[in-house]
Amino acid sequence: MTTAPAATLDPRPLGADTGVNVQPMGLGLWAVPGSQWGPAEDQDTLDAIEAALDQGVTFFDTADVYGGGHSEVLLGQAMKGRRDKFTVATKIGWVGFNGDANRSQYDTVDQLIAGVESNLKRLDTDYLDAIQCHVFY
């Protein structure tokens, strides 16, 4: 038996003049294998992403620090061959897990660019819909 999506999630503009529209509800991928939330299987995360897609959710939020980057790797695997079905927001810069919660790991523009390139590589994509700085002091 196939279930219909629970609700229609009408997209809304993300910021002013970005041209990116997102749903008001998405799936946050913080609690993935390797995160602070305890042991889990990669397949559980992939199944959760698939279940979200089945329910009409297309907005996914991740970060370089979620599971030490493993969250981005798993989302990249889920997107393989169907990137156009995903709106992806990821984050960079937070070193809070290392005891310095109020500082960015980026001190130069070159470091920032290298960080975004690392996000792209882990996500196995050539573009991001949104990139956010966790902390940028």
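Residues numbered from 1 in each chain as written. Predicted model: local features only at pLDDT ≥ 70, side-chain atom pairs only at ≥ 80, totals over all residues. Heavy atoms only, no water.

**As for the packing of aromatic side chains**
Item 1. For the structure on display, the rule yields two aromatic pairs.
Item 2. Taking 5.9 Å as the distance between ring centres and 20° as the angle between the ring planes, the aromatic pair formed by W30 and Y66 counts as stacked. Remark: Y66 occurs in the loop between β4 (59-61) and α2 (70-79) and W30 occurs in the loop between β3 (27-28) and α1 (42-54); sequence separation between them is 36 residues.
Item 3. For W30, a relative accessible area of 35% corresponds to the partly exposed category.
Item 4. For Y66, a relative accessible area of 8% corresponds to the buried category.
Item 5. Between F60 and F86, the aromatic rings sit 5.1 Å apart at their centres with planes inclined by 40°, giving tilted as the arrangement. Residue F60 is located in strand β4, and its partner F86 is located in the loop between α2 and β5 (87-92); the two are separated by 26 residues in the primary sequence.
Item 6. Given the relative accessible area of 0%, F60 is considered buried.
Item 7. A cation over a ring is seen here: R83 above Y127, with NZ or CZ 4.0 Å from the ring centre. (Phe/Tyr/Trp six-rings, centres within 6.5 Å; stacked < 30°, edge-to-face > 60°. Helix = DSSP H or I, 4+ residues; strand = E, 2+ residues; numbered from the N terminus. Buried < 20%, exposed > 50% of the residue type's maximum accessible area, 1.4 Å probe, protein only. Lys NZ or Arg CZ within 6 Å of the ring centre and 35° of its normal.)

**Quick look at unusual backbone geometry**
Item 1. Residue D17 is not a glycine yet carries a positive backbone phi of 60°.
Item 2. Relative to the helices and strands, D17 resides in the loop between β1 (12-13) and β2 (21-22).
Item 3. In this structure, D124 is a non-glycine residue whose phi angle is positive, near 55°.

**Notes on the environment of Q43**
Item 1. Along the polypeptide, Q43 turns up in helix α1.
Item 2. Residue Q43 is classed as partly exposed on the basis of its relative accessible area of 45%.
Item 3. Once the C-alpha coordinates of Q43 and P33 are considered, the two residues, 10 residues apart in sequence, prove to be 9.5 Å apart.

**Side note on the packing of α2 against helix α3 (residues 109-123)**
Item 1. For the pair α2 and α3, interaxial distance at closest approach is 7 Å and the crossing angle is 50°. The angle between α2 and α3 places the two elements in the oblique class. Packed against α2, whose contacting residues are E72, V73, L75, G76 and M79, the element α3 presents N119, R122 and L123 at the interface.
Item 2. Along the lines of polarity and charge, the residues of the contact of α2 with α3 split into four nonpolar, two polar and two charged. (Axes fitted to C-alpha atoms, helices over the stretch in contact; angles between N-to-C directions. Parallel < 35°, antiparallel > 145°, perpendicular 65-115°, else oblique. Contact = heavy atoms within 4.5 Å. Nonpolar A, V, L, I, M, F, W, Y, C, P; charged D, E, K, R; others polar.)

**A short note on the environment of R12**
Item 1. Take R12: it is sitting in strand β1.
Item 2. When the C-alpha atoms of R12 and P24 are compared, they prove to be 6.9 Å apart, with 12 residues separating the residues in sequence.
Item 3. Excluding residues within four positions of it along the chain, R12 makes contact with V20, N21, V22 and P24.

**Quick word on the pattern of salt bridges**
If the charged atoms of two oppositely charged side chains come close together, the side chains can form a pair.
Item 1. Overall, the coordinates contain five salt bridges when judged by the stated rule.
Item 2. E50 serves as the salt-bridge partner of R82, at 2.5 Å between the closest nitrogen and oxygen. Of the two residues, R82 sits in the loop between α2 and β5 while E50 sits in helix α1, which places them 32 residues apart along the sequence.
Item 3. Taking the relative accessible area as the measure of exposure, E50 reaches 30% and is therefore partly exposed. (Salt bridge = Lys/Arg side-chain N within 4 Å of Asp/Glu carboxyl O.)

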